[in-house]
Amino acid sequence: VPALCMGATYPALARMVADGRSDVGRSVARMYSINTAGGIVGAALAGFLLIPVAGVLGSILLLGLANMGLGLWALRPTRDSRLSRRPLDLVAILLAVLAVNTSRGVHLEDLYNARLTDGSRILDIRETHVSTVMVAQRDLPALRRIWINSCWVAGTGGSHRMPGHYSMLLAREPDRILGIAFGTGQSFATTLLYEPATVDVVDLDPGVIELGGAYFSDVNADLLNRPNVSVHLADGREFLSRVEEPYDVILMEPLQPWSVGAVNLYTVEFY
């Protein structure tokens, strides 16, 4: 129902602005321009303001209330109308109470708990303008994982250290190291065994850096607090295009190919 109403908004507005007008094309074009500008501004506000401040669910609630407010404003009685404002005021109050009551019963942790197996629990969740990052713990067998947008991407089990050894052993003098896509940081921590001069860590998501450093320091040698390690919040490819001095080793661990958009990172063109 909400999606149906959102889809019907533009045709309804087009009908409203065109009704009885001689300059239909100009009126609809003006509304379309305003709609496009609103889409641009709305996308920026959602990513960089609403989600970091209010979270995903809070942002949805605020946008829902805004939509309801606009709908009630569009239905408001005009001066020539015989309709009373009282029914609309009552509907507005009831909708606001319903929205607030609903928001109190829905939590982000509830949505993510449904993705976990029995015996697992959530340690922490971060919502950023890039993604939602979560760390979950399973006791038997012991396993700690980092999740990005409902999919786990790395954990304390497995062979995350091996790519670090492969890369360092293939380099003649591995002194300047670049690691792209931090995750749990285990692969990058392996490079420290070869005593490089500098290690640069690049990741798009501040949530990955924050939770990966806080909850996996025991398996990544407290990498982010080392004096020769620098962290950069940036896109790996864009970061490389701006550096002047080349690296001896570039280590990258992108998301699994089944993650949305990650398949482009497994191509010859990308490398």
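How each quantity is defined
Residues numbered from 1 in each chain as written. Predicted model: local features only at pLDDT ≥ 70, side-chain atom pairs only at ≥ 80, totals over all residues. Heavy atoms only, no water. Buried < 20%, exposed > 50% of the residue type's maximum accessible area, 1.4 Å probe, protein only. Helix = DSSP H or I, 4+ residues; strand = E, 2+ residues; numbered from the N terminus. Pairing = 2+ DSSP bridges. Axes fitted to C-alpha atoms, helices over the stretch in contact; angles between N-to-C directions. Contact = heavy atoms within 4.5 Å. Core = buried A, V, L, I, M, F, W, Y, C linked by side-chain atoms within 4.5 Å. Phe/Tyr/Trp six-rings, centres within 6.5 Å; stacked < 30°, edge-to-face > 60°. Lys NZ or Arg CZ within 6 Å of the ring centre and 35° of its normal. Expected span 1.5 Å × (residues − 1). Bend = angle between axes of the 7 residues up to and from the residue.

**Student:** What exactly am I supposed to notice about the pairing of strand 8 (residues 249-252) here?
**Tutor:** Because side chains alternate across strand 8, one face comprises the buried residues Val249 and Leu251, and the other comprises Ile250 and Met252, none of which is buried. Where strand 5 (residues 176-180) and strand 8 come together, 4 bridges link them in parallel fashion. In the sheet register, Ile180 faces strand 8, and the bridge partner there is Met252.

**Student:** Got a minute to help me understand the sheet that holds strand 4 (residues 151-155) in this structure?
**Tutor:** The strands making up a sheet are joined through hydrogen bonds of the backbone, oriented either antiparallel or parallel. Here we have 4 strands laid out as an open sheet, ordered 1-2-3-4, and antiparallel in their pairing. The open sheet has two edge strands, strand 1 (120-127) and strand 4, and neither has a second partner. Each adjacent strand pair in this sheet contributes to an overall mean axis angle of 25°, direction not counted. In the packing of helix 2 (residues 24-74) onto the sheet, contacts are made with strand 1 and strand 2 (132-138), and the angle to strand 1 comes to roughly 135°.

**Student:** I would appreciate a short explanation of the nonpolar core in the present structure.
**Tutor:** Nonpolar side chains tend to gather and get buried jointly when the protein is soluble and globular. Counting residues in each nonpolar core, the largest one holds 23 residues, and the members touching the most others are Ile146, Phe182, Val201 and Leu223. Only strand 2, strand 3 (143-148), strand 4, strand 6 (198-203), helix 7 (206-215) and strand 8 provide two or more residues apiece to this core. In terms of residue count, helix 7 provides more of this core than any other element does, 3 residues in total. If you look at the next biggest cluster of nonpolar residues, it comprises 7 residues, including Leu108, Leu116, Ile125 and Ala136.

**Student:** Help me understand the packing of aromatic side chains, please; the structure alone is not making it clear to me.
**Tutor:** The geometry of an aromatic ring pair is captured by two quantities: the separation of the ring centres and the angle between the planes. Counted according to the given criterion, the structure contains 3 aromatic pairs. With a centroid separation of 6.2 Å and 50° between ring planes, the pair formed by Phe182 and Phe188 is classed as tilted. One exposure class covers both Phe182 and Phe188, and it is buried. In this arrangement the basic side chain of Arg144 is found over the ring face of Phe216, its NZ or CZ atom lying 5.2 Å from the centre. A cation over a ring is seen here: Arg145 above Trp152, with NZ or CZ 3.8 Å from the ring centre.

**Student:** Would you mind showing me how to read the environment of Met168 here?
**Tutor:** Counting through the fold element by element, Met168 comes out in helix 5 (residues 162-170). Given a relative accessible area of 2%, Met168 falls into the buried group. Remark: the alpha-carbon pair of Met168 and Thr117, spanning 51 residues in sequence, is separated by 36 Å.

**Student:** Hey, could you run me through helix 1 (residues 2-18) in this one?
**Tutor:** Helical geometry note: an α-helix holds 3.6 residues per turn, so side chains three or four residues apart project in the same direction. The end-to-end C-alpha distance of helix 1 is 25 Å, a good match for the 24 Å that 17 residues give at a rise of 1.5 Å each. A maximum bend of about 35° is found in helix 1 at Thr9, where proline Pro11 lies one to four positions downstream. A positive backbone phi angle near 75° is found at Gly20, which sits one or two residues after helix 1.

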